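Notes for the structure review
Listed below are the residues making up each chain.
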Number of protein chains: 2
Amino acid sequence: MLFRQNVVVRLWPRVATVSAAVRTLTSRITVRDAVAATSTREDVSVLGWVKNMRKQKELVFIDLNDGSTAARLQVVAPSNLLRGVHLNVGCSVVAKGKIVPVSLASQDVELAASQVQLLGTCDPKKYPFKRGKIHGVEYLRQFPHLRPQTGVFSRVLRLRSAATMAVHRFFQDRGFINFHTPIISSSDCEGAGELFEIRPSQAAEDEKRFFSTDAFLTVSGQLHAEAVTSGMSAVYTFGPTFRAEKSHTKRHLSEFYMVEAETVLHGSGLSELLCLVEDLYKHTLEVLLKDNYDDINYFHETICSDEAKISILNSIERPFARMTYSEAMDELENAASKNSFHTQPQWGDDLQRDHELHLLSVTGQLPVFITDFPAAIKPFYARTLDSDTNIVSSVDLLVPGVGEVVGGSVREERETVLRDRLTRLGLLEKYQWYLDLRRFGTVPHGGFGLGFERLLQAFLGVADIRDVIPFPRYLGSCQM
Amino acid sequence: MLFRQNVVVRLWPRVATVSAAVRTLTSRITVRDAVAATSTREDVSVLGWVKNMRKQKELVFIDLNDGSTAARLQVVAPSNLLRGVHLNVGCSVVAKGKIVPVSLASQDVELAASQVQLLGTCDPKKYPFKRGKIHGVEYLRQFPHLRPQTGVFSRVLRLRSAATMAVHRFFQDRGFINFHTPIISSSDCEGAGELFEIRPSQAAEDEKRFFSTDAFLTVSGQLHAEAVTSGMSAVYTFGPTFRAEKSHTKRHLSEFYMVEAETVLHGSGLSELLCLVEDLYKHTLEVLLKDNYDDINYFHETICSDEAKISILNSIERPFARMTYSEAMDELENAASKNSFHTQPQWGDDLQRDHELHLLSVTGQLPVFITDFPAAIKPFYARTLDSDTNIVSSVDLLVPGVGEVVGGSVREERETVLRDRLTRLGLLEKYQWYLDLRRFGTVPHGGFGLGFERLLQAFLGVADIRDVIPFPRYLGSCQM
């Protein structure tokens with residue numbers, strides 16, 4: 001078929017060239033590029049927000065930031081360029097001129113401006129962030145729409161982005177296929193009362209069942225990940241998960257991000273999963289320390305507790321500690337005589353918060369894998385040990401200051417065992433598809449889920465989970 | 001603080017070393033690595049599923065795949081290794097032996113097996129996928145949990161994963177920050193009747209308002225992206241969005257993925273966005289053709305229509321066509337005398353499906369940007385032209401076979417104009433936060449949303465959107 005060059009159709013030159021031309025014409029650069037310059041650059045243009053400023057008789061000094069880096073570019077402009085212009089912290093400007101090297105302790109370059117254009121004003125009386133003031137995280141949380149304009153939260157956003165990419169690269173380099181688990185799910189057995197239900201907003205009563213079945217927001221993509229693993233061998237997903245938890249803690253959100261990986265296990269079982277988790281954890285932290293040192297170091301130097309600092313150092317320098325649930329219980333029961341635990345530790349019960357804290361003090365604030373839990377306190381899909389069917393091959397990773405960051409297990413791959421278990425739970429019909437994965441070419445496999453916000457909390461030493469996600473959702477709050 | 005080397009804490013050697021050791025001991029490799037071998041490799045072990053097999057008197061030939069590649073590894077085993085073992089298509093096995101080069105048209109290497117272990121059986125009478133048969137996509141859709149085990153769907157999954165990474169790399173290389181828009185949102189004005197509503201599943205009547213406000217599944221992260229852009233300059237998000245559309249088409253899902261980008265615009269306005277979209281589109285397609293040629297070529301050679309093929313070729317080789325809405329309407333009105341459009345084209349109305357098809361035939365199946373729409377048919381946030389306030393600076397990208405793949409606009413950055421518009425719409429109170437972005441350091445900015453599944457449809461020539469997403473959700477269906 002020939003291309004009909006009709007009246008209204010215009011052909012433009014190859015787009016990459018156009019983009020390059022646009023960029024060259026405007027000489028537009030980011031603050032990040034500007035402050036990284038090592039020699040004079042003529043005719044550049046920088047768009048950003050005023051973070052600070054001071055006036056001398058002849059000169060005005062403006063600190064400019066655009067979110068591309070934590071650094072500020074000092075713009076030096078002759079006062080007459082800004083005559084009659086009311087510049088305040090928060091205003092947006094375009095500054096044009098040349099980047100010149102300077103010999104100052106605080107900076108290597110500055111922008112000698114030949115033009116400063118005010119784009120957007122900012123009334124200092126109404127703007128919630130005040131000049132020269134570092135506001136607390138609680139205060140910032142009141143302004144989720146403006147928080148990205150602050151130094152501290154823009155660091156969080158850059159670190160989140162970098163950590164997200166580090167996670168993707170980690171799995172891609174290891175041959176894991178990324179896929180998207182469904183957000184709307186008809187599975188409801190795992191989260192019980194803590195699910196969100198979905199229906200069309202303006203539905204008449206008889207249209208409620210839009211999907212011809214009850215529909216919920218996913219609490220985990222694991223079962224779906226197992227289905228994909230049954231053809232693809234190694235997969236991961238990185239997406240939102242949900243809990244309708246009616247509690248306020250510094251470690252829970254109604255909407256949070258999980259990295260979930262699932263892989264066939266080729267002989268080595270749970271220990272292979274532990275290696276994968278530990279590699280992922282260390283890899284991601286190392287990437288942030290290498291590529292975003294300035295951003296992450298800010299948190300370590302300002303808000304990080306001593307405990308968190310030790311944990312971070314330990315995370316990089318030492319292999320994680322490992323103990324079985326039974327060993328953990330022995331330790332807790334021994335310690336119970338000296339400690340006053342809120343709940344008495346007892347084999348068969350879940351670990352409580354103060355139990356976790358004690359175990360982490362025992363490791364010297366080193367993250368610790370707890371393995372081999374009682375089957376009774378873990379979900380139906382966990383694989384029982386061949387040597388003891390009361391124990392399942394599962395793992396929790398506890399991290400100082402945050403608690404459980406990862407939960408995982410080898411999955412029950414034997415059809416008959418899984419069928420018995422589903423039958424006992426009355427789930428056989430609903431999970432026929434899950435059983436099918438064991439009927440048609442079953443393989444030993446396992447996986448884990450990692451709470452992404454908790455990981456960031458651990459890496460940054462940020463106490464409240466609402467301060468590491470752009471728009472936190474929790475009981476009583478869904479702003480914007 | 002010293003590390004207390006307490007009773008129950010074991011220190012393990014540095015984990016990377018352990019992983020490496022595990023891998024070396026088992027010599028476990030993927031089918032992808034196996035078929036890429038260029039010389040003999042001793043003592044390897046491959047886990048996979050039987051895709052085909054044939055028996056000779058002395059030898060058994062098994063085609064093995066593990067999802068890491070579309071290729072199959074031929075395993076050659078002496079018959080006595082498999083005596084008494086019932087191998088069928090769909091069974092999972094571990095084959096051990098050595099990879100040896102062979103001179104065959106169909107393959108470069110094979111696995112000379114010294115051991116074949118059956119892991120999971122597969123009853124050929126019950127397994128829905130039959131030996132040697134290529135099932136149609138409609139048939140496969142009945143088995144979302146088993147679909148990843150088929151050749152065609154595993155190609156889709158690999159391409160989806162590769163395209164996801166290509167999108168991330170595209171933006172990261174250009175300094176865009178990745179962030180997560182909220183899935184649960186209190187905004188409800190954009191999608192009107194097509195929203196999903198959320199509430200806790202087992203809530204009593206008085207607990208319905210979990211978030212102290214009505215809560216919905218997001219239809220777009222754009223407004224949130226604008227907030228983040230107001231501090232970070234250039235951001236993107238890649239996540240699920242939702243529509244409670246009560247219709248069945250081959251281009252709509254209730255849950256689908258959107259790539260949304262938002263950036264400050266530094267002079268060049270809408271044309272900068274068009275360049276960004278076209279670069280992204282071409283970059284992603286080029287990555288798939290370069291890195292996943294075998295997978296994508298399969299679709300081009302089997303199911304792709306001639307029209308889709310031309311579109312794909314055009315997409316790579318030519319700059320996209322561009323026309324304004326008014327130019328498009330002129331063309332349509334001229335053509336209306338010769339064509340019988342379902343709806344008569346008229347300036348001020350939305351483009352209908354057959355209008356889009358006509359415009360794409362005019363471009364010779366080249367993707368086309370339609371720009372500068374009437375303000376009345378675009379949302380409140382679109383920027384009006386300085387030269388004509390009835391026109392907004394917005395764009396749709398139409399692609400052959402799929403229709404609208406991208407929608408975007410420059411955003412109204414002027415406080416007074418936006419305030420008037422919100423007031424007229426009765427949205428001022430609800431969108432006070434959105435107006436704040438214009439009160440405090442507003443900047444010219446714009447962005448777009450790209451439908452990820454439609455992009456894949458366009459690249460692969462897949463007619464039905466349900467065949468390019470792992471677990472499709474649509475009216476009447478929410479399997480698993």
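None of these values were measured; they are calculated from a predicted model.

1. Let's talk about the overall build of chain A
- A count of helical and extended segments in chain A gives 13 helices and 17 strands.
- A total of 480 residues make up chain A; the buried ones form 61% of that total.
- Nonlocal contacts in chain A, meaning residues at least 24 apart in sequence, comprise 66% of its contacts between residues at least 6 apart.
- When the accessible surface of chain A is summed, it comes to about 18900 Å², and 49% of that surface belongs to carbon and sulfur atoms.

2. Regarding the sheet that holds strand β5 (residues 92-101) of chain A
Residues and elements named next belong to chain A.
- Spatially, the five strands close up into a barrel ordered β2-β3-β4-β6-β5, and their pairing is mixed. Put simply, the sheet's adjacent strands are angled 55 degrees from each other on average, direction ignored.
- Sheet analysis places strand β3 (residues 59-65) next to strand β4 (residues 73-78), joined by six bridges and oriented antiparallel. Among the inter-strand pairings, leucine 64 is bridged to a residue of β4, identified as leucine 73.

3. Section: the relation of the copies chain B and chain A
- Turning chain B through 180 degrees and shifting it by 0.0 Å along the axis lays it on chain A, with an RMSD of 0.0 Å. In symmetry terms, the pair is related by a two-fold rotation axis. Of every C-alpha in chain B, the one belonging to Ile198(B) sits nearest the axis of rotation, 2.5 Å from it.
- Counting the interface residues of chain B, we find that 100% of their copies in chain A are interface residues as well, pointing to one common contact surface.

4. Overview of the sheet that holds strand β6 (residues 109-120) of chain B
- On the basis of which strands lie adjacent, the closed barrel formed by five strands has the order β2-β3-β4-β6-β5 (chain B) and mixed pairing. The average angle at which neighbouring strand axes cross in this sheet is 55 degrees, direction not considered.

5. Let's talk about the packing of helix α11 (residues 415-425) of chain A against helix α12 (residues 432-439) of chain A
All names here are of chain A.
- In contact at an axis separation of 9 Å, α11 and α12 are set at 165 degrees when each is read in the N-to-C sense. With respect to α12, the axis of α11 lies roughly antiparallel. Once α11 is placed against α12, the crossing between them reads as left-handed. Along its contact with α11, which presents Glu415, Leu418, Arg419 and Leu422, the element α12 presents Tyr434, Leu435, Arg438 and Arg439.
- The residue inventory of the contact of α11 with α12, partitioned by class, reads four nonpolar, no polar and four charged.

6. Some words on the nonpolar core
- The biggest cluster of nonpolar side chains holds 240 residues, and the ones touching the most others in it are Phe171(A) and Phe171(B).
- Setting aside residues no more than four positions away along its own chain, Phe171(B) makes contact with Phe176(B), Tyr236(B), Val259(B), Ala261(B), Leu280(B) and Phe448(B).
- Counting 19 residues, the second largest nonpolar core, distinct from the first, contains Ala321(A), Met329(A), Ala336(A) and Leu351(A).

7. A look at the pattern of salt bridges
- Tallying each qualifying case throughout the model produces 52 salt bridges over all chains.
- Arg28(A) is the partner of Glu272(B) in a salt bridge, and the nearest nitrogen-oxygen pair spans 2.8 Å. In this pair, Glu272(B) sits in helix α6 (residues 270-291) while Arg28(A) sits in the loop between α1 (15-26) and α2 (31-36), so the two residues belong to two different chains.
- With relative accessibility at 27%, the residue Arg28(A) sits in the partly exposed group.

8. A closer look at the pairing of strand β14 (residues 368-374) of chain A
All names here are of chain A.
- Burial analysis of β14 places seven of its seven residues in the buried class, which makes it a mostly covered element.
- Relative to β14, strand β13 (residues 321-324) runs parallel, the two sharing four bridges. In the strand pairing of β14, alanine 321 is matched with valine 368.
- The sheet contact formed by β14 and strand β15 (residues 391-399) spans six bridges and is antiparallel.

9. As for the domain arrangement of chain A
Residues and elements named next belong to chain A.
- Domain annotation of chain A identifies domain 1 (27-127) and domain 2 (147-467).
- Using C-alpha coordinates to define each centre, domain 1 is positioned 44 Å away from domain 2.
- Taken together, the contact between domain 1 and domain 2 spans six residues of the former and five residues of the latter.
- In total, domain 1 and domain 2 occlude about 430 Å² of area from one another, counting both sides; carbon and sulfur atoms represent 37% of this.
- At the boundary of domain 1 and domain 2, one finds zero salt bridges.

10. Observations regarding the packing of aromatic side chains
- Following the criterion strictly, the structure yields 46 aromatic pairs over all chains and no others.
- Geometrically, the ring pair formed by Phe320(A) and Phe369(A) is tilted, given 5.7 Å between the ring centres and 45 degrees between the ring planes. With a gap of 49 residues between them, Phe320(A) in the loop between α8 (306-317) and β13 and Phe369(A) in strand β14 connect regions that are remote in the sequence. This pair shows no difference in class: Phe320(A) is buried, exactly as Phe369(A) is.
- Ring geometry for Tyr325(A) against Trp347(A): centres 5.6 Å apart, planes inclined by 80 degrees, an arrangement best described as edge-to-face. With Tyr325(A) in helix α9 (residues 325-336) and Trp347(A) in the loop between α9 and α10 (353-362), this pair connects stretches of sequence that are 22 residues apart.
- Tyr325(A) sits in the buried class, given a relative accessible area of 0%.
- Residue Trp347(A) is classed as partly exposed on the basis of its relative accessible area of 41%.
- A cation sits over an aromatic face here: Arg466(A) above Tyr474(A), 4.8 Å from the ring centre.
- The ring of Phe170(B) is capped by Arg174(B), whose NZ or CZ atom sits 3.7 Å from the centre of that ring.

11. Details of the side chain of Thr150(A)
All names here are of chain A.
- Considering the arrangement of structural elements, one finds threonine 150 in the loop between α3 (137-141) and α4 (151-173).
- Owing to a relative accessible area of 10%, threonine 150 belongs among the buried residues under this scheme.
- A distance of 3.3 Å separates a polar atom in the side chain of threonine 150 from the backbone nitrogen of phenylalanine 153.
- In this structure, threonine 150 is in contact with Phe129 and Leu140, ignoring residues within four places of it in sequence.

12. Remarks on the interface of chain B and chain A
- In this assembly, 144 residues from chain B lie in contact with 144 residues from chain A.
- For the pairing of chain B and chain A, the buried interface totals around 12400 Å² over both sides, and the portion due to carbon and sulfur atoms is 62%.
- Counting every contact that joins chain B to chain A gives four salt bridges.
- At the junction of chain B and chain A, the tally comes to 49 residue pairs in polar contact (both at pLDDT 80 or more).
- For the side of chain B that touches chain A, the element with the most residues is helix α4 (residues 151-173) of chain B, which contributes 10 residues.
- Split by residue class, the side of chain B that touches chain A holds 71 nonpolar, 45 polar and 28 charged.
- Sheet topology places strand β9 (residues 196-200) of chain A next to strand β9 (residues 196-200) of chain B; five bridges connect them, and they run antiparallel. Following the sheet pairing, Phe196(A) is matched in β9(B) by Pro200(B).

Here is what the cut-offs are and how they apply
All residue numbers here refer to positions counted from 1 along the written sequence of the relevant chain. The naming scheme follows written order: chains are lettered A onward, ligands numbered 1 onward. Residues qualify for local features only when their pLDDT is at least 70, as the model is predicted, and side-chain atom pairs are given and counted only at 80 or more; totals for whole chains, interfaces and linings, by contrast, use all residues. For the side-chain quantities, the full set of heavy atoms in the structure was used; hydrogens and water were omitted. Elements are defined by DSSP. Helices are runs of H or I of four residues or more, strands are runs of E of two residues or more, and each kind is numbered from the N terminus. Throughout this description, buried means an accessible area under 20% of the type-specific maximum (1.4 Å probe, protein chains only), exposed means over 50%, and partly exposed covers the range between. The contact definition used throughout considers only heavy atoms, calling two residues in contact when any of these lie within 4.5 Å. A 1.4 Å probe and the Shrake-Rupley method give the accessible areas. Residues count as covered only by the protein chains that appear here. Strands are treated as partners if at least two bridges between them are detected by DSSP. The axes are straight lines fitted to the C-alpha atoms, using for helices just the contacting stretch, and the angles between their N-to-C directions are given from 0 to 180°. Our superposition of the copies is a least-squares fit, built on the C-alpha atoms of residues whose pLDDT is at least 70 in both. Oblique is the label for any angle not under 35 degrees, not over 145, and not in the 65 to 115 range, which are roughly parallel, roughly antiparallel and roughly perpendicular in turn. It is the rotation of the near helix from the far one that decides the hand of a crossing: anticlockwise by less than a right angle makes it left-handed, clockwise makes it right-handed. Note on residue classes: Ala, Val, Leu, Ile, Met, Phe, Trp, Tyr, Cys and Pro are nonpolar, Asp, Glu, Lys and Arg are charged, and everything else, Gly too, is polar. Here, the term nonpolar core denotes a set of buried Ala, Val, Leu, Ile, Met, Phe, Trp, Tyr and Cys residues that are joined through side-chain atoms within 4.5 Å. The salt bridge definition used is simple: a Lys or Arg side-chain nitrogen within 4 Å of an Asp or Glu carboxyl oxygen. Either an automatic procedure or a domain database provided the assignment from which the domain bounds are taken. Note on terms: buried area is the combined drop in 1.4 Å-probe accessible area of two parts once they are placed together, counting the loss on both. The pairing test for Phe, Tyr and Trp rings, Trp by its six-membered ring, is centres within 6.5 Å, and the orientation test on the planes gives stacked under 30 degrees, edge-to-face over 60, and tilted for anything in between. Each ring is checked for a lysine NZ or an arginine CZ that lies within 6 Å of its centre and within 35 degrees of its normal; such an atom marks a charge sitting over the ring. Under the rule applied, a polar contact is a pair of N or O atoms within 3.5 Å (in protein, one hydrogen donor and one hydrogen acceptor; residues adjacent in sequence only if both atoms are side-chain atoms).

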